[in-house]
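Each chain, letter by letter, is given below.
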Amino acid sequence: MAEKDRIKARKLSRERLASLWQRTGLSGKLLLLTICFVMLSEILILFPSLGNYWENRLRDHLEASKIAVLALEASPDHTVTQDLSRMLLSNAGVSSVSLKRADRRALALGMEHPESIRGSIDLRTPANFSAMIHALRLLVLGGEGSIRVIGNSNMGEDERIEIVIAQPPLRAALFEFSERILLLSTVISVVTATLVFFAIDRLMVRPTRRLTSNMIAFREDPDNAERVIKPSPRRDEIGTMEQELAHMQTKIRADLQRRKKLAALGLAVSKINHDLRNMLSSAQLISDRIAELKDPETSRLAPRLVASIGRAIALCKQTLRFGREEERKPRLDKLDLHALVEEVGRSVGIVETSGIVWRNNVDEGFRLYADSEQFFRILMNLGRNAVQAMESCHRTGDICVSAKRLDQHVEIEVRDNARGVPDEVREWLKKDFAAPLSGRIGLGLAITRELIRLHGGEMSLASTSEAGSSFRIALPHG
């Protein structure tokens, strides 16, 4: 049970730490991470520092021991009193010191106890790595007894000094040095982390909070122009984010306003459409009675009038469906395109004195699978746009409709002699008709593209210049 309780307690502690980390803000996380990283760097620096401190400490003992050797060499018979010997050894911090020439002892101070010596260190050659290993081993594992240290005496080429040092005082000195390094590292870490915290908080966190607050405020009230962020003069990544956000918010706000206007326009059109449909129904009854008259001219024109009024009523119903995004699926049947283009030419509204000529270049008997009613609307919209474009620039010429059958699809082209499509409309066409430009051009093209796509086809602006424009429709063979 005790083991299960410990496992449960550890799991609960980890969960609390994870929850605390998740609740900590970006600035707090940066502060903690900076402290940890600086401490890790200082700890990595501590290892070679310990080795360097260890080696210097041993060399200091060697240098102090040389004084004891000089005193011993200068005394009569190379001997000193016990009190002087203890004082010299105490000042050097060693248990014994000896001067050796050619592997034999020349002078000695103090008594060696071989059984207490746990190892030897030779400082006559550089040993930074081995010194670091010895220091870490003594610091972590501890040690009793003494160690022998060998170094140059600087008195002769074949002379060396050997000293014996107790390990416990060395370990205590290493602990004291480590504590100083860790304390200094902690201070450096906290100071560095604090400076980094304030720098990052000012340069990154505060601007990020400003961006976040602005996005929340804009989401709550996108119609308010005051909620659009005002970019700062910064030229770095944060400045770029602010500029792009301002651009995006401005565009979204404009799109929302445009959609609201279109929604209001749609509501108005629906109301007008309802009354207009009633009027057209009355006109249809009258046209039916006119068609019954025996006058030859009336008999010739009455069918066109009846067909036009019937088409207008159907268009009113379809306009309502379009406003509700309920455009019906096309009823595909064999369609005589030549005859349909002729009918569109009579209905497109070309004044005889305008100098505009409707040319039907579709071969007689050219048939395709399409919805005759919807395809009439497609060609009618493109034809009316062409007529209006030519009338607006006071040009005369042809509006030509042609068709050809290719390997993969049927291609229908509507070409005019107007001055070309304006840049605004051209850019709008590239964006896939995101929102109509105006009630006259944009809405008609938007309806046209939707109807063509319902037929499985696509419409594109094939060419445009001062000499005229060409819209191209690609439909599957069916």
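The shown structure was predicted, so the numbers you read here are calculated from the model rather than taken from an experiment.

Scanning the protein for helices and strands turns up 11 helices and 12 strands. Looking at the protein as a whole, 33% of its 478 residues qualify as buried. Sequence-distant contacts in the protein: of pairs separated by 6 or more residues, those separated by 24 or more amount to 69%. Carbon and sulfur atoms form 57% of the exposed surface of the protein, whose accessible area is close to 29,100 Å².

A few words now on the sheet that holds strand E11 (residues 458-465). With respect to topology, 5 strands assemble into an open sheet ordered E7-E9-E10-E12-E11, the strand pairing being mixed. The open sheet has two edge strands, strand E7 (356-360) and E11, and neither has a second partner. Mean inter-strand twist for the sheet, computed between neighbouring axes without regard to direction, equals 15°. As paired elements, strand E10 (residues 410-415) and strand E12 (residues 468-475) share 6 bridges and run antiparallel to each other. Each residue of the ladder has a partner; that of isoleucine 412, found in E12, is isoleucine 473.

Per the counting criterion, the structure on display carries 18 salt bridges. Note that lysine 404 is salt-bridged to glutamate 411, the shortest N-O span being 3.7 Å. Overall, the relative accessible area of 45% leaves lysine 404 in the partly exposed class. Among the charged side chains, a network of salt bridges with common partners joins Lys404, Glu411, Glu413 and Arg472.

Per the counting criterion, the structure on display carries 1 aromatic pair. Aromatic pair tyrosine 53 and phenylalanine 177: ring centres 4.3 Å apart, planes at 5°, arrangement stacked. Here phenylalanine 177 lies in helix H5 (residues 167-220) and tyrosine 53 lies in helix H2 (residues 26-74), a separation of 124 residues in the sequence. In this structure, arginine 405 is placed above the aromatic ring of phenylalanine 366, and the distance from its NZ or CZ to the ring centre is 4.6 Å.

Further remarks concern helix H3 (residues 82-92). It helps to recall that an α-helix has 3.6 residues per turn; residues three or four apart then point in one direction. What H3 keeps buried is the set Ser85, Leu88, Leu89 and Ala92. End-on view of H3: buried residues confined to an arc of 95°, all on one side of the axis. Turned more than 90 degrees away from the buried face of H3, the exposed residues are Asp83, Ser90 and Asn91. Note on H3: the residue one or two positions beyond its end, glycine 93, has a positive phi of about 70°.

What follows is about the environment of alanine 173. Looking at where alanine 173 falls in the secondary structure, it is placed in helix H5. For alanine 173, a relative accessible area of 7% gives the class buried. When the C-alpha atoms of alanine 173 and leucine 139 are compared, they prove to be 9.6 Å apart, with 34 residues separating the residues in sequence. The contacts of alanine 173, once residues within four sequence positions are left out, are Tyr53 and Arg57.

With that settled, the discussion passes to the packing of helix H8 (residues 337-347) against helix H9 (residues 372-392). The axes of two packed helices give the description: the angle between them and the distance between them. It is at 10 Å that the axes of H8 and H9 come closest, and there the two elements cross at 50°. Taken together, H8 and H9 sit at an angle that is classed as oblique. Crossing of H8 over H9 shows right-handed handedness. Where H8 abuts H9, its residues Leu337, Leu340, Val341, Glu343, Val344 and Ser347 lie against Ser372, Phe375, Phe376, Leu379 and Met380. When the residues that make up the contact of H8 with H9 are grouped by side-chain class, the tally is 8 nonpolar, 2 polar and 1 charged.

This part is about the confidence of the model for the protein. Per-residue pLDDT for the protein averages 78, and the proportion of residues at 70 or more is 74%. Ranking the elements of the protein by mean pLDDT puts helix H7 (residues 296-323) last with 63 and E10 first with 93.

Okay, the nonpolar core next. Among the nonpolar cores identified, the biggest contains 40 residues, and Leu337, Leu368, Phe375, Leu379, Leu382, Ile412 and Ile473 are the most heavily contacted of them. Among the nonpolar cores identified, the runner-up in size contains 32 residues, and Leu50, Ala92, Leu123 and Leu138 belong to it.

Moving on, we come to the environment of arginine 377. Positionally, arginine 377 belongs in helix H9. Judged by its relative accessible area of 9%, arginine 377 falls in the buried class. Between the C-alpha atom of arginine 377 and that of threonine 448, which follows or precedes it by 71 residues, the distance is 7.4 Å.

Turning our eyes to something else, we now look at a nonpolar patch on the surface. Judged by side-chain polarity, Leu40, Ile43, Leu44, Phe47 and Leu182 come together as a nonpolar surface patch covering roughly 420 Å² of accessible area. Counting residues per element, the nonpolar patch draws most heavily on H2, which supplies 4 residues. Topologically, isoleucine 43 is positioned in helix H2.

Reading the values: the criteria
- Residues numbered from 1 in each chain as written.
- Predicted model: local features only at pLDDT ≥ 70, side-chain atom pairs only at ≥ 80, totals over all residues.
- Heavy atoms only, no water.
- Helix = DSSP H or I, 4+ residues; strand = E, 2+ residues; numbered from the N terminus.
- Buried < 20%, exposed > 50% of the residue type's maximum accessible area, 1.4 Å probe, protein only.
- Contact = heavy atoms within 4.5 Å.
- Areas by Shrake-Rupley, 256 points an atom, 1.4 Å probe, with all protein chains shown as cover.
- Pairing = 2+ DSSP bridges.
- Axes fitted to C-alpha atoms, helices over the stretch in contact; angles between N-to-C directions.
- Salt bridge = Lys/Arg side-chain N within 4 Å of Asp/Glu carboxyl O.
- Phe/Tyr/Trp six-rings, centres within 6.5 Å; stacked < 30°, edge-to-face > 60°.
- Lys NZ or Arg CZ within 6 Å of the ring centre and 35° of its normal.
- Arc of directions from axis to C-beta.
- Parallel < 35°, antiparallel > 145°, perpendicular 65-115°, else oblique.
- Left-handed = near helix turned anticlockwise from the far one by under 90°.
- Nonpolar A, V, L, I, M, F, W, Y, C, P; charged D, E, K, R; others polar.
- pLDDT = per-residue confidence, 0-100.
- Core = buried A, V, L, I, M, F, W, Y, C linked by side-chain atoms within 4.5 Å.
- Patch = residues over 30% accessible without salt bridge, like charges linked within 9 Å, V, L, I, M, F, W, Y side chains within 5 Å.

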